[in-house]
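# Descriptive structure summary
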Amino acid sequence: MSQEFLEQNQQEGQAALHYFEKLQIPNASEASGSDAFQPLLLVTIITVQRRNDFHYVLQVASRFHHLLQKCGAHCQSHRILICNVESDPSSHQDVRLLSSFFPMVSRDKTGENPDPRVNQFEKEKQDYVFCLEQSLLAYNPEYILIVEDDAVPEEEIFTVLQHFLLARFSKPYLRDALYFKLYHPERLQRYFNPEPMRILEWLGLGMFLGPTLNCVYSWAMGRPSLSWPIVLFFALYSMALSELVGRHYILELRRLAPTLYNIVPVTECCTPAMLFSAPSARRALGYLKGLHCRQGFAKDIALYSLLRTKGENAYVVEPNLVRHVGMYSSLRLNDNPKLL
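Residues numbered from 1 in each chain as written. Predicted model: local features only at pLDDT ≥ 70, side-chain atom pairs only at ≥ 80, totals over all residues. Heavy atoms only, no water.

Here we come to the sheet that holds strand β3 (residues 104-106). Spatially, β3-β2-β1-β4-β8-β6-β9-β7 is the arrangement adopted by the 8 strands of the open sheet, whose pairing is mixed. Both edges of this open sheet fall to β3 and β7 (262-265), since each of them pairs with a single strand only. Between one strand and the next, the sheet's axes are offset by a mean angle of 25°, whatever the strand orientation. Relative to strand β9 (residues 314-318), β7 is paired through 4 bridges, and the arrangement is antiparallel. In the sheet register, Asn 262 faces β9, and the bridge partner there is Glu 318. Sheet strands in contact with helix α3 (residues 56-71) are β1 (41-47), β2 (78-84) and β4 (143-148), and its direction is about 165° off that of β1. Packing of helix α11 (residues 278-289) onto the sheet brings it into contact with β4 and β8 (273-277), and relative to β8 it is tilted by some 110°. (Pairing = 2+ DSSP bridges. Helix = DSSP H or I, 4+ residues; strand = E, 2+ residues; numbered from the N terminus. Axes fitted to C-alpha atoms, helices over the stretch in contact; angles between N-to-C directions. Contact = heavy atoms within 4.5 Å.)

Pasting the structure below:
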């Protein structure tokens, strides 16, 4: 399936390229984002040059642009910013195309002598800090969604975020969170994990389906009452079946309505899409500037470590609101990537 996925993704990259080639270039003020009002939500796409034939950043930008157009009046207070962190910004070909459609900031390191203390993981953290800082300086939005350039948004992302920003985040424990993750790898979303919330959810599923299936069985067999051994059998059977099928498939049922989306305590892995409020973004900037990243302590683990050391809280949204499509990493070079 890996080769099939790569071929499909390559086609999607070409479709994104054609999308912008056909798109009418806006006037200069629209492209530069020079309007003075404060956005409710700023989507900042952080990008670095990778494989040219997949056009990752074009896939992400075209999808966000399309969904914003489709959202219409409800998303008038949203903006998109491209943050180019390629060491030589002019070498990023896809960003040159996007500069005609979106405002842009670049972290220009051309001509600078590389600091031997800055490894690739520390550079990634510094790039993240730069984009978060520039987002605050350029727009001072109420919320910032930092999206990596291989995280393609799902169809319902703005509808769900609108519900969160205007309703769910009014709760104090959510309003003061350091960040919200909008993506967690499907392979790590199973019930059989060392996370208490997942185990409780799994047991709850068995406790609900056990008696329910027993009632159906009793009705079909003409038996008048519950049988606890049969209830236990169906409970264990449904728990085993749900784990074999995959919890992430069951989570898809929550896409029926924004109110069904779940917000649970965060786990450490992965930062393709992270939502910050303006105050929490400033706190995160201060924290991250005091940390040095290295192999085994990348920015996702660094952010997670802050929850313990600084007494912060963070959450993850289920199901995912973005798809991670990048198989060619900017950190770990691999000419023959495989799906996990």
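Now for the packing of helix α1 (residues 2-22) against α3. The contact between α1 and α3 brings their axes to 8 Å, and the two run at 60°. Relative to α3, the element α1 lies oblique. Of the two possible hands of crossing, α1 and α3 adopt the one that is left-handed. In this structure, α1 contributes Asn 9, Glu 12, Gly 13, Ala 16, Leu 17, Tyr 19 and Phe 20 to the contact, and α3 contributes Tyr 56, Leu 58, Gln 59, Ala 61, Ser 62, His 65 and His 66. Across the contact of α1 with α3, the residue classes tally to 7 nonpolar, 6 polar and 1 charged. (Parallel < 35°, antiparallel > 145°, perpendicular 65-115°, else oblique. Left-handed = near helix turned anticlockwise from the far one by under 90°. Nonpolar A, V, L, I, M, F, W, Y, C, P; charged D, E, K, R; others polar.)

The residues that UniProt annotates with the feature "transmembrane region" (unreviewed entry) are residues 199-220 and 226-246. The distance from the first to the last C-alpha atom of residues 199-220 is 31 Å, and the span holds 100% helix and 0% strand. Across residues 226-246 one finds 86% helix and 0% strand; the C-alpha atoms that close the span lie 29 Å apart. (UniProt positions renumbered as here; feature names shortened; annotations may be inferred.)

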